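# Observations on chain architecture
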Amino acid sequence: MLDLKLIRQNPDQVAAALAKRSGDYANSLSELQALDSEQRGLEGVRSQLQARSNEIGKAVGMKIKGGADPKGDEVKALRGEGNQVKKELAELEPQEKELKAKIQDILLTLPNLPNDTTPEGKDEEENVEVRRWGDDLIPQGDQLLAHYELGEKLGIMNFERSVKIAQSRFVTLIGAGAALERALIQFMLNRHTKSGYTEILPPILVNSASLTGSGQLPKFAEDSFKCADDDLWLTPTAEVPLTNLHRSEILTEDQLPINYCAYTPCFRREAGSYGRDTRGLIRLHQFNKVEMFKFVHPDTSFDELEALTKDAEDILQQLKLPYRVLALCTGDIGFSATKTYDLEVWLPSANRYREISSCSNCVDFQARRADIRFKTPGQKGTQFVHTLNGSGLAIGRTMAAILENYQQPNGSVKVPEVLQPYMGREFL
């Protein structure tokens, strides 16, 4: 959530930053400024009335102490005025409460401001490639199969029966397919914990406050699955429960940074993507993912973003999968992010790179929504922490990349060397 004080003091700066993003936020910003001005006006009136009420209370006390008749006209007049002031104060309270609620509702719909180092651009076509790795590993040949064709030929995944069990955009993994999925999860968690992340196994159902804190609500409600009878949703990403592990807490400076990693199943309706990637593992309603998450000091958050991105890259390098890193432009960064790097893995069947991880610095945007602060010893007050998140990695997309990049001429698939101890086999 954006700082209302920043909007109040630097409206042109905020408007210019939001204009670099996709979407039009000018009307919302104008409405917010008008409501804020009205609310502050009421606040001023309330302060004056409260001050007058206090003056009257003191005056009544002084009059009586000076010998005035408590039931006399003079005291009675003061008390009458005091009652009128209290009535006016009582009428202002719901007005102020309503205005604050409207202000909060608009603030929750405004995205984070892009960082100055985020490339300016309208959409994904203007993202900037930062680096590539593993060009020499890209398989050559005209007979390369797509991962879903390989998976069905090997008998390790089934989409048709998944439709019978659920609906389209689900998969059932079988035998070595299920084992490969499990091996990838274990390998990634082991790698991240060795790098200093603390493993978390959080609830998969999350409440509305948690989704609001991380930035999924209210904007992305249609992309999420909600339980009919409870204030609970299936988590779209482990970012949600990890953000909210410290919701409404005040940490100490020496606790920072806090690095977490977590495996969860993730659930998304993909409401805006019908017709895209309808086959295979790229865009499912249910998928597994290992997430990295950091709570850090504001002074170090952009250095921490570079480190987080390197940790995601490490997984791809260990698996020897060719990939590239993109700096997302202002028109393509996510709602909560100020700066994002996307990792895209090479998929031979598509003859292109496809996203497999998104690593973002959200600065104080999520912390302000979830009220997560820290205190520095010897200093007054508190500051909001900075939060960062990144996929480390999306399991289904990693499996797709392995199947396609490691396929052999005889139709088998070689298991990446680092996964062979987990799988107990060299080929699928």
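Here the residue index of a chain counts from 1 through its sequence in written order. With the structure being a predicted model, the display of local features is reserved for residues of pLDDT at least 70 and the display and counting of side-chain atom pairs for 80 or more, all residues being used for whole-chain, interface and lining totals. Hydrogens and water molecules were not included; the side-chain quantities draw on all heavy atoms of the structure.

### Focus on the overall build of the chain
Heads up, the condition is: Counting from the N terminus, the helices are the DSSP runs of H or I reaching at least four residues and the strands are the DSSP runs of E reaching at least two. Computation of the radius of gyration draws on C-alpha atoms alone. For the globule rule, the value is 2.2 Å times the number of residues to the power 0.38. Only protein chains enter the accessibility calculation, which uses a 1.4 Å probe; a residue is then buried when its area is under 20% of its type maximum, exposed when over 50%, and partly exposed in between. Whether two residues touch is decided by their heavy atoms; if any such pair falls within 4.5 Å, the residues are in contact. Charged-residue counts in this description rest on Lys and Arg as positive and Asp and Glu as negative, His and the chain ends being excluded. Taken as the charge location is NZ of Lys, CZ of Arg, CG of Asp or CD of Glu.
What the chain contains, in helices and strands, is 13 helices and 15 strands. The C-alpha radius of gyration of the chain comes to 28 Å, more than 25% above the 22 Å expected for a compact globule of 428 residues. Oriented by its inertia axes, the alpha-carbon framework of the chain measures out at about 110 × 45 × 40 Å. Scored against the burial criterion, the 428 residues of the chain give a buried share of 49%. Sequence-distant contacts, at least 24 apart, represent 74% of the contacts inside the chain between residues at least 6 apart. Placing the 52 positive and 61 negative side-chain charges of the chain at their respective mean positions leaves the two points 4 Å apart.

### Details of the UniProt feature "binding site: ATP" (unreviewed entry) in the chain
So the rule is basically this: UniProt positions are given in the numbering used here, feature names are shortened, and annotations may be inferred rather than shown by experiment.
The positions that UniProt labels "binding site: ATP" (unreviewed entry) are, in the present scheme, Arg 268, Arg 269, Glu 270, Glu 355, Ile 356, Ser 357 and Ser 358. With respect to the helices and strands, Arg 268 occurs in the loop between strand E8 (258-267) and strand E9 (286-296). If sequence neighbours within four positions are ignored, Arg 268 has contacts with Asp 223, Phe 225, Pro 236, Thr 237, Leu 284, His 285, Phe 287 and Lys 289. Here Glu 355 is to be found in strand E12 (residues 352-361). Other than its neighbours up to four places away in sequence, Glu 355 contacts Asp 342, Leu 343, Glu 344 and Arg 397.

### Details of the packing of helix H7 (residues 176-194) against helix H12 (residues 395-405)
Threshold: For helices, the axis comes from a line fit to the C-alpha atoms of the stretch in contact; other axes are also lines fit to C-alpha atoms, and the angle between any two N-to-C directions lies between 0 and 180 degrees. Each crossing is labelled by how the near helix is turned from the far one, with a counterclockwise turn of less than a right angle marking it left-handed and a clockwise turn marking it right-handed.
Running from N to C, H7 and H12 cross one another at 115 degrees; their axes reach a closest spacing of 10 Å. The two elements H7 and H12 cross, and the hand of that crossing is right-handed. Contacts from Gly 177, Leu 180, Glu 181, Leu 184, Ile 185 and Met 188 of H7 reach H12 at Ile 395, Thr 398, Met 399 and Ile 402.

### What to know about the UniProt feature "binding site: L-serine" (unreviewed entry) in the chain
Quick reminder of the rule: Polar contacts, as counted here, are pairs of nitrogen or oxygen atoms within 3.5 Å of one another; within protein the pair requires one atom able to donate a hydrogen and one able to accept it, and residues that are adjacent in sequence qualify only if both atoms are side-chain atoms.
Within the UniProt annotation, "binding site: L-serine" (unreviewed entry) is assigned to Thr 237, Ala 238, Glu 239, Arg 268, Glu 291, Asn 389 and Ser 391. Of note is the side chain of Arg 268, whose polar atom sits 2.9 Å from the backbone oxygen of Pro 236. Note that Asn 389 resides in strand E15 (residues 386-394). Note on Asn 389: relative accessible area 7%, which makes it buried. Look past the residues within four positions of Asn 389 in its chain and what remains in contact with it is Glu 239, Glu 291, Met 292, Phe 293, Leu 308, Ser 358, Cys 359, Ser 360, Cys 362 and Gln 366. Side chain to side chain, Asn 389 and Glu 239 meet in a polar contact 3.4 Å long.

### Let's talk about the nonpolar core
Convention followed: Think of a nonpolar core as a cluster: buried Ala, Val, Leu, Ile, Met, Phe, Trp, Tyr and Cys residues, connected wherever their side-chain atoms sit within 4.5 Å.
If you look at the biggest cluster of nonpolar residues, it comprises 53 residues, and the most contacted ones within it are Leu 184 and Leu 428. Of all the elements, H7 adds the most residues to this core, at nine residues. Apart from the residues within four sequence positions on either side, Leu 428 is in contact with Leu 154, Ile 156, Ala 176, Leu 180, Leu 403, Ser 412, Val 413, Val 415 and Met 423.

### Examining the sheet that holds strand E13 (residues 373-375)
Applicable threshold: At least two DSSP bridges between two strands are required for those strands to pair.
An order of E7-E13-E14 is seen for the three strands of this open sheet, with the pairing classed as mixed. Edge positions in the sheet fall to strand E7 (250-252) and strand E14 (383-384), since each has one partner strand and no second. In this structure, E7 lies alongside E13, joined through three bridges in parallel fashion. Across the sheet, Leu 251 pairs through a bridge with Phe 374, a residue of E13.

### Observations regarding the domain arrangement of the chain
As a reminder, the rule being used: Here the limits of each domain have been adopted from an automatic or database domain assignment. Accessible surface is computed with a 1.4 Å probe, and the buried area is the amount of it that two parts give up when combined, taken over both parts together.
For the chain, the assigned domains are domain 1 (4-109) and domain 2 (124-423). Opposite the six residues of domain 1 that make contact, domain 2 presents nine residues. Both faces considered, domain 1 and domain 2 share a buried interface measuring about 670 Å² in area, 50% of it formed by carbon and sulfur atoms. When the buried surface of domain 1 facing domain 2 is broken down by residue, Lys 20, Arg 21 and Leu 108 rank first, second and third, together holding 70% of it.

### Structural notes on unusual backbone geometry
Here the residue pair Leu 217 and Pro 218 is connected by a cis peptide bond, since its omega of 5 degrees sits within 30 degrees of zero. Within the secondary structure, Pro 218 is located in the loop between helix H8 (208-214) and strand E6 (233-234). Backbone torsion omega between Leu 256 and Pro 257 reads -5 degrees, so that peptide bond is classified as cis. The phi torsion at Asp 371 lies on the positive side, around 55 degrees, for a residue other than glycine. Mapping Asp 371 onto the fold places it in the loop between helix H11 (365-370) and E13.

### Some points on the packing of aromatic side chains
Where we set the bar: Each Phe, Tyr or Trp ring, with Trp reduced to its six-membered ring, pairs with another whose centre is within 6.5 Å; inter-plane angles below 30 degrees give stacked pairs, above 60 give edge-to-face pairs, and intermediate values give tilted ones.
Evaluated as defined, the whole model comprises seven aromatic pairs. A ring pair is formed by Phe 187 and Tyr 422, whose centres lie 6.3 Å apart and whose planes are at 75 degrees; its orientation type is edge-to-face. With Phe 187 in helix H7 and Tyr 422 in helix H13 (residues 420-423), this residue pair connects regions lying 235 residues apart in the sequence. Ring plane angle 90 degrees and centroid distance 6.0 Å describe the contact between Phe 220 and Phe 335, whose orientation is recorded as edge-to-face.

### A look at the sheet that holds strand E4 (residues 198-200)
Sheet architecture is open: eight strands sit in the order E1-E10-E11-E12-E15-E9-E8-E4, paired in mixed fashion. The open sheet has two edge strands with one neighbour each: strand E1 (128-133) and E4. Across this sheet, the average inter-strand angle for adjacent strands is 25 degrees, counted without regard to direction. Pairing geometry for E9 and E15, over seven bridges, is antiparallel. The residue of E15 that forms the bridge with Glu 291 is Ser 391. In the packing of helix H10 (residues 301-319) onto the sheet, contacts are made with E1, E9, strand E10 (323-327), strand E11 (339-347), E12 and E15, and the angle to E15 comes to roughly 10 degrees.

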